[in-house]
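Chain by chain, the residues run as shown.
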Amino acid sequence: MKIKLLVLTGIRSEYDLLYPLLKEVNNSKDFELGIVISGAHLTPLHNYSFQQIEKDGFNIVGKIDNLFFSNTTSAKVKSTGILLQSLSEILCNFNPDYLVVLGDREEPVIGALAATYMNIPVIHIAGGDHTNPEFGDVDEQIRHATSKLSHIHLVMHEAHKQRLIKMGEEEWRIFVVGNGGIDRIRETKKLKKENLAITLGDNIYNDYAVVIYHPLSSEINEASRDIKLILDVLLESGLKVFIGNPNSDPGYENILEVIQEYSSNPYIYPYSNLDRELFVNLLRYSKVLVGNSSLGILEAPYLKLPVINVGERQKGRISGNNIEFVKAEFNELKKSLETVLSNSEFNDKINQFVYGDGYMAKKTIEILRNLPSKEKILAKKNTY
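Just so you know, these numbers come straight off a predicted model, no measurement behind them.

K.L.:
Give me the lowdown on the overall build of the protein chain, citing residues and values where you can.
P.N.:
Tallying secondary structure elements over the protein chain gives 17 helices and 13 strands in all. Relative to the 2.2 N^0.38 estimate, which gives 21 Å for 384 residues, the radius of gyration of the protein chain is 20 Å and therefore close to what a compact globule would have. The buried share of the protein chain, taken over its 384 residues, is 56%. Accessible area for the protein chain stands at about 16000 Å²; split by element, carbon and sulfur atoms hold 48% of it. Averaging the coordinates of the 43 positive side-chain charges in the protein chain and doing the same for the 49 negative ones gives two points 5 Å apart.

Below, the structure written as C-alpha cells:
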C-alpha cells in the first residue's frame, strides 16, 4: 500500500526548498503525493507562483485562497482562520498518512494544528533553527510552536536537532537531512549568460548584485528606509541590481513602493518571480547577494556566493563564512560591500557545506519509507 503524503505550501521560497523532495517522492512507486496550495502562491505578489507548481506536474488536491492582500497584522490573523477551516476539509477528503510542512510561517503552524487535532502525523522540515533579532521576530515563536505540534522532525543541522531535544522532543523522532534548497542548486544545469539575457536583459553581462529584502515583524516601519539604503549604496558602487519582490508579511507594501520608485533606473531590474533555472543561474553569476533572505544563510555558501545581511533578520542563525552581518547604516554597508567585492581573502575562505551536501531528498525518502507505526508516532511524550 502506498504512503499518502499531503504537502502544504504557501509561498514561492518555501516551495523552492520543498521541490527536490516533492520530485523524489512523486517519482517513487512507494508514495502517493498531494499538494495543497495557499497564501501568496495565489496572488500577483510573486506573479501567481502556483503556476510553477502546475507546470511541475504535481497532483494538486486543493487551492486555498486565504491571503488578504493587506499590509496589516490583523489581516494575517484573519488569513490563518480561513486557512485552518479550509485545510480541515482537504485533510478529510484526501485522508493522508502524513502532513508535511516546512519552516516558520503561518502555513506550517496552522497545518500542524489542524492535522494534530485530526490524528494525522505531522512531518516538520527545518525545525529547531534559531534567530535572535534585537527586538524579536514572530517567526521564532511560530517555528518552535510548529515543532511542538509535529511528530517527525527533518532538520537542517545537528545543532537544530540538539535544540529540539532540549525542547523535550524524543530523539528518535529527529533526523538531520540538510537543506533541500542545496539539492535544487546542485540539480539545476548551468546556463550561459546569453540564455539569461533573453529574459533578464543586458544587465546580466555586467557586474551585478541580487537583492532580496523581507519585512521583519519587529521592524515594519523601518522597511522602506532600509531598502532605500541598500539600493542607494549599490547604485553608488556602480553595480547593476536585480531585486525580487518581498514575501507577504506585514510591511511588504512599503518595500514594494520603494522598488516601484526605483524601477525606472536602468541599473535596476525588478522581478516578481523567476523560473527556477533563471533564478539559480542569476545567483551563480552574481557578485554579491544583499538583503536579509535566508537564502544567504542556507544556500549561498554552496554557490560560494558572498552575502551581506542587512539589519536584524537572520541574526543568530548558524552561518558560513560567506556572510557579513551589518547594521542598516550607509557607511557600514558601503564598507562591507567593498570588502566582499575586492578582498580576495574573504572570497577564498568561503566554504560550501553548512546546511548539507545537496542530497536532502534522497536521505528523506528513505526515512519516510521506514517510519514506525502511526500509533507510535502519534503518542508524543515530552522528555522533561
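Picking up where we left off.
K.L.:
I'd love a proper account of unusual backbone geometry, names of residues and values included.
P.N.:
Positive phi values are uncommon outside glycine, yet Asn95 reaches one of about 50 degrees. Checked against the element boundaries, Asn95 lands in the loop between α3 (73-94) and β4 (98-102). Positive phi values are uncommon outside glycine, yet Gln314 reaches one of about 80 degrees. Note on placement: Gln314 falls in the loop between β12 (307-310) and β13 (323-326).

K.L.:
Can you break down the packing of helix α9 (residues 223-237) against helix α14 (residues 330-342) residue by residue, with the values?
P.N.:
Contact pair α9 / α14: the axes reach a minimum separation of 10 Å and the direction vectors enclose 45 degrees. One element, α9, and the other, α14, form an angle in the oblique class. Between α9 and α14 lies a crossing whose hand is right-handed. The residues of α14 that touch α9, namely those facing Leu229, Ile230, Asp232, Val233, Leu234, Glu236 and Ser237, are Phe330, Leu333, Lys334 and Leu337.

K.L.:
So what's going on with the pairing of strand β6 (residues 152-155)? Residues and values would help.
P.N.:
The alternating pattern of β6 places Ile152 and Leu154 and His153 and Val155 on opposite faces, both of which are buried. The pairing of strand β5 (residues 122-125) with β6 spans three bridges and is classified as parallel. Across the sheet, the residue bridging to Ile125 is Leu154, located in β6. With respect to chirality, the unit in which β5 leads through helix α5 (residues 138-149) into the neighbouring parallel β6 is right-handed. As paired strands, β6 and strand β7 (residues 174-176) are joined by three bridges and run parallel to one another.

K.L.:
Now, about empty space enclosed by the protein: what can you tell me, with residues and values included?
P.N.:
A full pass over the atoms with the stated rule returns three cavities of 30 Å³ or more. Looking at the largest cavity, its volume works out to about 790 Å³. Lining the largest cavity are 42 residues, and of these Ser13, Glu14, Leu17, Ser293 and Ser294 sit closest to its centre. For the lining of the largest cavity, the elements supplying multiple residues, two or more each, are α1 (12-26), α5, α11 (276-285) and α12 (295-298). Among the elements that make up the lining of the largest cavity, the one with the highest residue count is α1 (six residues). Residue composition of the lining of the largest cavity, by class: 14 nonpolar, twelve polar and 16 charged.

K.L.:
Any chance you could break down the layout of surface pockets for me, citing the residues and the numbers?
P.N.:
A volume near 340 Å³ is recorded for the largest pocket. Around the largest pocket sit 20 residues that line it, and Lys76, Glu106, Val138, Asp139 and Ile142 are the ones nearest its centre. Those elements giving two or more residues to the lining of the largest pocket turn out to be α3, α4 (106-117) and α5. The greatest single-element share of the lining of the largest pocket, amounting to four residues, is contributed by α3.

The rules behind each value
Residue numbers restart at each chain and count upward from 1, following the sequence in its written direction. Per-residue local features of the predicted model are confined to residues with pLDDT of at least 70, and side-chain atom pairs are confined, for both listing and counting, to 80 or more; whole-chain, interface and lining totals are unaffected and use all residues. Hydrogen atoms and water are omitted, and side-chain values are computed over all heavy atoms in the structure. Only DSSP runs of H or I with at least four residues qualify as helices, and only runs of E with at least two residues qualify as strands; both kinds are numbered from the N terminus onward. Radius of gyration: over C-alpha atoms. The globule rule applied is 2.2 Å multiplied by the number of residues raised to the 0.38 power. Using a 1.4 Å probe on the protein chains alone, a residue whose accessible area is under 20% of its type maximum counts as buried, one over 50% counts as exposed, and one in between counts as partly exposed. To be clear on the numbers: accessible area is Shrake-Rupley with a 1.4 Å probe, and residue cover counts the displayed protein chains and nothing else. For the purpose of charge, His is not counted, nor are the chain termini; Lys and Arg are scored as positive and Asp and Glu as negative. A single reference atom marks each charge: NZ on Lys, CZ on Arg, CG on Asp, CD on Glu. To get an axis, fit a line to the C-alpha atoms, keeping to the stretch in contact for a helix; angles then go from 0 to 180 degrees between the N-to-C directions. Should an angle fall under 35 degrees it is called roughly parallel, over 145 degrees roughly antiparallel, and 65 to 115 degrees roughly perpendicular, with every other angle called oblique. Left-handed describes a crossing whose near helix is turned anticlockwise from the far helix through less than a right angle; right-handed describes the clockwise counterpart. Any two residues whose heavy atoms approach within 4.5 Å at even a single point are treated as in contact. Here a strand pair is declared whenever DSSP counts at least two bridges between the two strands. A clockwise path from the first strand over the helix to the second, with the strands pointing away from the viewer, defines a right-handed crossover. Space inside and on the surface of the protein is sampled on a 1 Å grid over the protein atoms alone, with a cavity defined as a set of points where a 1.4 Å probe fits but cannot get out and a pocket as an open set with protein on both sides within 12 Å along at least 5 of 7 lines; lining residues have an atom within 4 Å of a point. Grid points are joined across faces, edges and corners, and a volume is the space filled by probe spheres set on the points. Three classes are used: nonpolar for Ala, Val, Leu, Ile, Met, Phe, Trp, Tyr, Cys and Pro, charged for Asp, Glu, Lys and Arg, and polar for all others, with Gly counted as polar.

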